[in-house]
Amino acid sequence: MKATSFVVFITSVFISFCSFSCKNTNVDAPDSLTVSEGFKNPIGFYDSLPSFSWKLPVTESVKSQSAYQIICASSKGFLPNNPDLWDSKKQESPQSTFVKYQGENLKSRQKVYWQIRFWNQDENASDWSEINSFELGLLNNTDWQAKWVGLNTAKNNIRGVRKFLMHRPQYLRKGFELSSDVVSARLYITAKGVFDVHLNGNDVSDDVMSPGWTPYNHRIETLTYDATEFVQMGKNSIAVELASGWHSGRVSRRTALYDNFSSPKILCQLEVVLKDGSKQTIISDESWKGTTNGPIRLASVYDGEVYDANLEIPNWTKNDFDDTSWVPVETEDITNSVTLEPKRHNTVKPKMMLEDAEIVSVNNNIAIFNLKQNMVGVPKLNVPMKKGDTLKIRFSEMLLSDGTFYTTNYRSAKSTDYYIAAKDGLIEYTPKFTFHGFQFVELSGYDKDAQTKSTWVKGIVQHSDFEKNGTFTSSHHKLNQLQSNITWGLRGNFFDIPTDCPQRDERLGWTGDAQVIVPTSLFNYETHAFWTAWLQSLRENQSEHENGLVPWIVPDVLQINRASPGWGDAVVLIPWNIYNITGDKRVLEENFEAAKKWIGFYKSKIEDKEFIPKMRSFGDWLQPYPTKTGKGGNSGDTSKELITTAYFAHSSLLVSKMAGILGHSKDEKEYYDLHKNISGVFRNTFFDKNGKVKNGKETQTSYLLAIYFDLLKPETKIKAQKHLLKEIEKANNHLGTGFLGTPILPKVLDEMGEIDLMYKILFKETYPSWFYSINQGATTMWERWNSYSKAEGYNAESMNSLNHYAYGAIGQWMYERIAGIAPLTPGYKKIRIAPVPNDILSSASASVNTPYGEASSSWKMDNETFTLDVVIPPNTTAEITVPYATPKNTLINGSTINKYSNIKSLSADKESIKIVAEPGTYKIQTKL
Ligand code: RAM
């Protein structure tokens, strides 16, 4: 062979080798790209310092990520070769979640296109992902040229329940002309109140009660809509319906600070880019017109809506409408003291429709309908009426024994809608500016001659717009009903903010309830952004207090300067839990200072006793069988001083841990030392040498707090555990816990190895227990363990919500231990699969959409075999504990453990084996 042909030969061998190996190493692109707390291609985005997350494809060739590259550009066409905003370059790192943007500063309105690729465990590069984008909203008050506009409705002096001022809903509009064809249009809009906006007769969105609820004295959220398809060259019109909502309604009780009884207003700025290259901006200003002579006569969060169809205004949202008889609006300038910021989580939306109503009774032309599920939202009505008649629409969560409505628990909330008919025939009505918590609907005032039909009433379920994040199911129908009640409790109370209840004259953002439910909520729904948004409100309300007080509720409409242990600790516990479940460090960064301030609040409350703050406390709220009866018993029997000191110690430790993660070593030490000092005082003050509670009543919760927060010496802790077991035994294996003790109970019993006992407590049918409410017909979680019983009827207290999520906190244990899936390190980078089966179940399974992809754990047991099916997403590893297994009696995907290459055996004892698994799908079978 000549030298040249040898070279050609070698080159062609090389090329064919290369193309062969390239073909083999082709790695699919990553997918599920999101920015910050899980946003997909957002517009009107709030975050100019976003982070990026993606998921690796689930394929044989991808186990993990060894490196990544993110590129950002101001135009799609620049990708992937000319990323003018940021090129992370190849970063050797397994991080595929919450990677911080480090490019050019981003400005209001800016659109960023981005793409990502990764290298797998064998250093093979993936294809580039699809191009995603985000577009910022108006980030600064100075971006707004618009003015607040509206009619002065306060001057009508309409008084409602408890003489609170009510405002007639307003209809506001403006016609405008565009001089050229439209390339793109953005509508930036918000309200002091709640609004619904129309462009040229079109509904711009199906958002409900926008912009939602923030501490309006600090911040009002703004919405951004893509209005491109709604506007055109020539004549256009924008029309807005406006009502009080939370801002100007009686829900915002204290008037002075918020100016909340001032008349509602809107702020709106439509920015249009035209084909001729120019930009035209239409703003809310003195040129707008308005009227209160529209069909929605009154609307209140608590009390309902009044709609008079005779006052409908045909075509008022369209161009040819003549508004000369309408009055000019009043205007108000934007002030610097209240920031206008793009909404940082999704709005409330109609999420589901309950269509299967049942007629319960028809008496004297009053018909009662049952939607068979306690829900939150509004009814959709299709009812025959006679012109001029008024349809009265009442709601209730349950019925009294005589078949009439139980509404004592709505307290002063009237929760009643009215519809006045303008014609004979079938009317269609869905209230717009209120919402109700209900299962039953009562109608009166409909056409007496009509045959009552179940189709007259449907239920539109509304909640903040997030998707499911996990599923849990088992072989036990009551456990499944509990899971259903938990998820309905969450949906019903995630109405823009986390509320305690959705139906009575309260519906407030109680911090204690929120803190206990966070882990369960994150298993079930994509609520990361929902929580971090609310935490911003919490910090804003805390900033009103120099001493670091975190108010009972957020937004703080009570303004009574009071805080409670276990409630204010939300500022520590919620960020901590979110970090551990999502792996997003930013939640710690954002809340670290606020968490420190809260510890400062505890310190400021120390009077005569060292490290024991003296402060108000809700105690272990709504503990069953309290010594005191009636209202006085609400805070239970656990010593309030004990609770306060326990939370003071625990939160100090968590602040120290946060400091460690954030690299603040001085704080890490300082708060750790503080924790140690408090713990010392705690154990000496509240426990004797035998681990028994002193200076207070023995309760399950006093032991639970001491044990779970690790506040006792190891030898005393073991003794205290025995006392706890005695307390449980005394209660005949029933729980004896309120809002604070209940979420901790399963964790402590689990740590003690008392799994069977926990199952016993969980599967108790009698009061107090989770199944007790199910046996009484509950379809949601209740505020009290004994809110209602078939035998005795309703709890005598009017504070008796039948839709209250706090006791749903057991959901975390159902996912983590019954089905067996939990994050082992923050954000599920390491996953723990460790189910604890029990004879009462023959199967249980859960799946979770982790930041790395779907993970699941699913087991079933028959006489001969225990089978565990596990899915582990790429870029993670899992530690799997297989109960009943020995290396000999167990097969993994058909092979014995030592032969299965994706698995490393860690340890084995008589009862289980522990293995480490790479990403993949496993069927683990153990012969019993
Ligand atoms: C009531 C509710 C709420 C609770 C407070 C202390 O308003 O039960 O859930 O957090 O009391």
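Residues numbered from 1 in each chain as written. Predicted model: local features only at pLDDT ≥ 70, side-chain atom pairs only at ≥ 80, totals over all residues. Heavy atoms only, no water.

Rule in force here: UniProt positions are given in the numbering used here, feature names are shortened, and annotations may be inferred rather than shown by experiment.
Under an unreviewed UniProt entry, the name given to the protein is alpha-L-rhamnosidase, and the organism recorded is Jejuia pallidilutea. Taken from UniProt, the Catalytic activity (unreviewed entry) comment for the protein reads in full: "Hydrolysis of terminal non-reducing alpha-L-rhamnose residues in alpha-L-rhamnosides."

**Section: the overall build of the protein**
Applied cut-off: Secondary structure elements follow DSSP: runs of H or I of four or more residues count as helices, runs of E of two or more count as strands, with numbering from the N terminus. Throughout, the radius of gyration refers to the C-alpha atoms, and the reference size of a globule is 2.2 Å times the residue count to the power 0.38. The buried label applies to any residue whose accessible area, calculated with a 1.4 Å probe on protein chains only, is under 20% of its type's maximum; exposed applies above 50%, and partly exposed to all values in between. Note on contacts: a residue pair is in contact if any heavy atoms of the two residues lie within 4.5 Å. Computed with the Shrake-Rupley method and a 1.4 Å probe, the accessible areas treat only the protein chains shown as cover for residues. Neither His nor the chain termini are counted; the positive set is Lys and Arg, and the negative set is Asp and Glu. Charged side chains are reduced to one point each, which is NZ for Lys, CZ for Arg, CG for Asp and CD for Glu.
Helix and strand counts for the protein come out as 15 helices and 50 strands. Against the 2.2 N^0.38 benchmark of 30 Å for 928 residues, the protein shows a C-alpha radius of gyration of 30 Å, consistent with a compact globule. Its C-alpha atoms put the protein at 95 × 85 × 60 Å along the principal axes. With 928 residues in all, the protein has 62% of them scored as buried. Within the protein, counting contacts between residues at least 6 apart in sequence, those at least 24 apart form 73% of the total. Carbon and sulfur atoms provide 49% of the accessible area of the protein, an area that totals close to 35700 Å². Here the protein contributes 102 positive and 104 negative side-chain charges, whose respective centroids are spaced 4 Å apart.

**Here we look at the pattern of salt bridges**
The cut-off we apply is this: Note on definitions: salt bridges are taken to be side-chain nitrogens of Lys or Arg within 4 Å of carboxyl oxygens of Asp or Glu.
Within this structure, the stated rule accounts for 47 salt bridges. Close ionic contact of Glu-286 with Lys-147 constitutes a salt bridge, the shortest N to O distance being 3.3 Å. Taken as a pair, Glu-286 in the loop between strand 18 (279-283) and strand 19 (289-291) and Lys-147 in the loop between strand 7 (132-135) and strand 8 (148-150) lie far apart in primary sequence, 139 residues in all. Taking the relative accessible area as the measure of exposure, Glu-286 reaches 44% and is therefore partly exposed. Across the pair Glu-467 and Lys-351 runs a salt bridge whose closest N-O atoms are separated by 3.0 Å. Taken as a pair, Glu-467 in the loop between strand 34 (457-464) and strand 35 (470-474) and Lys-351 in strand 25 (residues 348-354) lie far apart in primary sequence, 116 residues in all. Residue Lys-351 is classed as partly exposed on the basis of its relative accessible area of 26%.

**Description of the domain arrangement of the protein**
Rule in force here: The split into domains, and so the bounds of each, comes from an automatic or database assignment of domains.
Under the domain assignment, the protein is made up of domain 1 (25-136), domain 2 (141-345), domain 3 (349-464), domain 4 (470-815) and domain 5 (820-927). Using C-alpha coordinates to define each centre, domain 3 is positioned 48 Å away from domain 5.

**Details of the side chain of Ser-789**
Definition in use: Pairs of N or O atoms within 3.5 Å make up the polar contacts considered here, provided that, within protein, one atom can donate a hydrogen while the other can accept it, and that residues adjacent in sequence are counted only when both atoms are side-chain atoms.
Mapped onto the elements of the fold, Ser-789 is located in strand 38 (residues 788-789). Among the polar contacts made by the side chain of Ser-789, one reaches the main-chain amide nitrogen of Glu-792 at a distance of 2.8 Å. Other than its neighbours up to four places away in sequence, Ser-789 contacts Tyr-772 and Gln-776.

**Describing the nonpolar core**
Put simply, the rule reads: Among the buried residues, those of types Ala, Val, Leu, Ile, Met, Phe, Trp, Tyr and Cys that are joined through side-chain atoms within 4.5 Å form a nonpolar core.
Ranked by internal contacts, the top residues of the largest apolar core, which has 209 residues, are Leu-443, Leu-482, Trp-531 and Trp-770. The greatest single-element share of this core, amounting to 11 residues, is contributed by helix 8 (residues 640-662). Ignoring any residue separated from it by four or fewer positions in sequence, one finds Trp-531 in contact with Phe-494, Pro-498, Ala-514, Ile-517, Val-518, Ser-521, Leu-522, Ile-574, Ile-578 and Tyr-805. Counting residues in each nonpolar core, the second largest holds 29 residues, with Leu-223, Leu-270, Ile-282 and Trp-288 among its members.

**Notes on the pairing of strand 45 (residues 877-883)**
The following threshold applies: Following DSSP output, two strands are said to pair if at least two bridges run between them.
Within strand 45, 5 of the 7 residues are buried, which leaves it mostly tucked inside the rest of the structure. Strand direction decides the pairing type here: strand 41 (residues 830-833) and strand 45, joined by 4 bridges, are parallel. In the sheet register, Ile-833 faces strand 45, and the bridge partner there is Ile-880. Here strand 45 runs beside strand 49 (residues 912-917); their pairing, made up of 6 bridges, is antiparallel. Across the sheet, residue Ile-880 finds its bridge partner in strand 49, namely Ile-915.

**Focus: the UniProt feature "domain: Alpha-L-rhamnosidase concanavalin-like" (unreviewed entry) in the protein**
Within this numbering scheme, the UniProt entry marks residues 362-461 as carrying the feature "domain: Alpha-L-rhamnosidase concanavalin-like" (unreviewed entry). Taken end to end, residues 362-461 is 0% helix and 57% strand, and its two terminal C-alpha atoms sit 25 Å from one another.

**Observations concerning the site of the ligand**
As a reminder of what qualifies: We call a residue near a molecule or strand as soon as one heavy atom of that residue lies within 4 Å of the molecule or strand. Side-chain classes are defined by residue name, with Ala, Val, Leu, Ile, Met, Phe, Trp, Tyr, Cys and Pro counting as nonpolar, Asp, Glu, Lys and Arg as charged, and the others, Gly among them, as polar.
As a matter of local geometry, the ligand sits amid Asp-500, Arg-504, Glu-506, Trp-510, Asp-513, Trp-567, Phe-618, Trp-621, Phe-739, Glu-783, Met-799 and His-804. Separating an oxygen atom of the ligand from a side-chain N or O atom of Trp-510 is a distance of 3.4 Å. One of the side-chain nitrogen or oxygen atoms of Glu-783 is found 2.4 Å away from an oxygen atom of the ligand. Here the ligand, which alone exposes 290 Å², has 97% of that area covered by the protein. Of the residues assigned to the shell around the ligand, the class counts are 6 nonpolar, 1 polar and 5 charged.

**A look at the sheet that holds strand 6 (residues 111-120)**
For sheets, the rule is that strands pair by backbone hydrogen bonds, running either parallel or antiparallel. Taken together, 4 strands build an open sheet; the order of strands is 4-3-6-7 and the sheet is antiparallel. Looking at the sheet topology across the chains shown, the edges are occupied by strand 4 (86-87) and strand 7. Both strand 6 and strand 7 contribute to a ladder of 4 bridges, which runs antiparallel. Residue pairing in the sheet places Lys-111 in a bridge with Glu-135 of strand 7.

**Notes on the packing of aromatic side chains**
Just so we agree on the cut-off: Stacked, edge-to-face and tilted are the three classes for Phe, Tyr and Trp ring pairs, Trp counted by its six-membered ring, which pair at centre distances within 6.5 Å; planes under 30 degrees apart are stacked, over 60 edge-to-face, the rest tilted. Only Lys NZ and Arg CZ are tested; either one counts as a charge over a ring when it is within 6 Å of the ring centre and within 35 degrees of the ring normal.
On inspection of all chains with the given rule, the structure shows 61 aromatic pairs. Ring geometry for Phe-369 and Trp-456: centres 6.3 Å apart, planes at 40°, overall tilted. Here Phe-369 is found in strand 27 (residues 366-385), whereas its partner Trp-456 is found in the loop between strand 33 (436-444) and strand 34, with 87 residues between them in sequence. Just as Phe-369 is buried, Trp-456 falls in that class too. Its end group placed over the ring of Phe-435, Arg-507 keeps NZ or CZ at 5.0 Å from the ring centre.

**Structural notes on helix 11 (residues 714-730)**
Worth spelling out the cut-off: By this rule, a helix spans an expected 1.5 Å times one less than how many residues it contains.
Over its 17 residues, helix 11 extends 25 Å from the first C-alpha to the last, a length consistent with the 24 Å expected when each residue adds 1.5 Å. Along its buried surface, helix 11 packs onto helix 10 (700-708), helix 12 (745-751) and helix 13 (755-762). In the stretch just after helix 11, Asn-732 is the one whose phi turns positive, near 55°.

**Considering helix 3 (residues 477-493)**
If you check helix 3, its first and last C-alpha atoms are 24 Å apart, about what 17 residues at 1.5 Å a residue would give, namely 24 Å. Burial runs high along helix 3: 13 of the 17 residues are buried.

**Examining the environment of Leu-928**
With respect to the helices, strands and loops of the structure, Leu-928 is situated in the segment after strand 50 (920-927). With 362 residues separating them in the primary sequence, Leu-928 and Gly-566 have C-alpha atoms 44 Å apart.

**Notes on the packing of helix 10 against helix 11**
Heads up, the condition is: Here, axes are lines fitted to C-alpha atoms. For helices the fit covers the stretch in contact, and angles between N-to-C directions go from 0 to 180 degrees. With respect to orientation, any angle under 35 degrees is reported as roughly parallel, any angle over 145 as roughly antiparallel, any angle of 65 to 115 as roughly perpendicular, and every other angle as oblique. Crossing handedness is read from the near helix: turned anticlockwise from the far helix by less than a right angle, it gives a left-handed crossing, and turned clockwise, a right-handed one.
Two elements in contact, helix 10 and helix 11, have axes whose closest approach is 9 Å; the angle formed by their N-to-C orientations is 150°. It follows from the interaxial angle that helix 10 and helix 11 lie roughly antiparallel. In this structure, helix 10 crosses over helix 11, and the sense of that crossing is left-handed. Here helix 10 contributes Gln-700, Tyr-703, Leu-704 and Ile-707 to the contact with helix 11, which in turn contributes Lys-717, Ala-720, Gln-721, His-723, Leu-724, Glu-727 and Ile-728. Class assignment for the residues of the contact of helix 10 with helix 11 results in 6 nonpolar, 3 polar and 2 charged.

**Thoughts on the sheet that holds strand 2 (residues 51-55)**
One open sheet holds the 3 strands; their spatial order is 1-2-5, and the pairing between them is antiparallel. A strand with exactly one partner marks an edge of an open sheet, and here the two such strands are strand 1 (31-35) and strand 5 (99-100). In the sheet, strand 2 pairs with strand 5 via 2 bridges, with the strands oriented antiparallel. Bridge pairing in strand 5 links Ser-51 to Lys-100.

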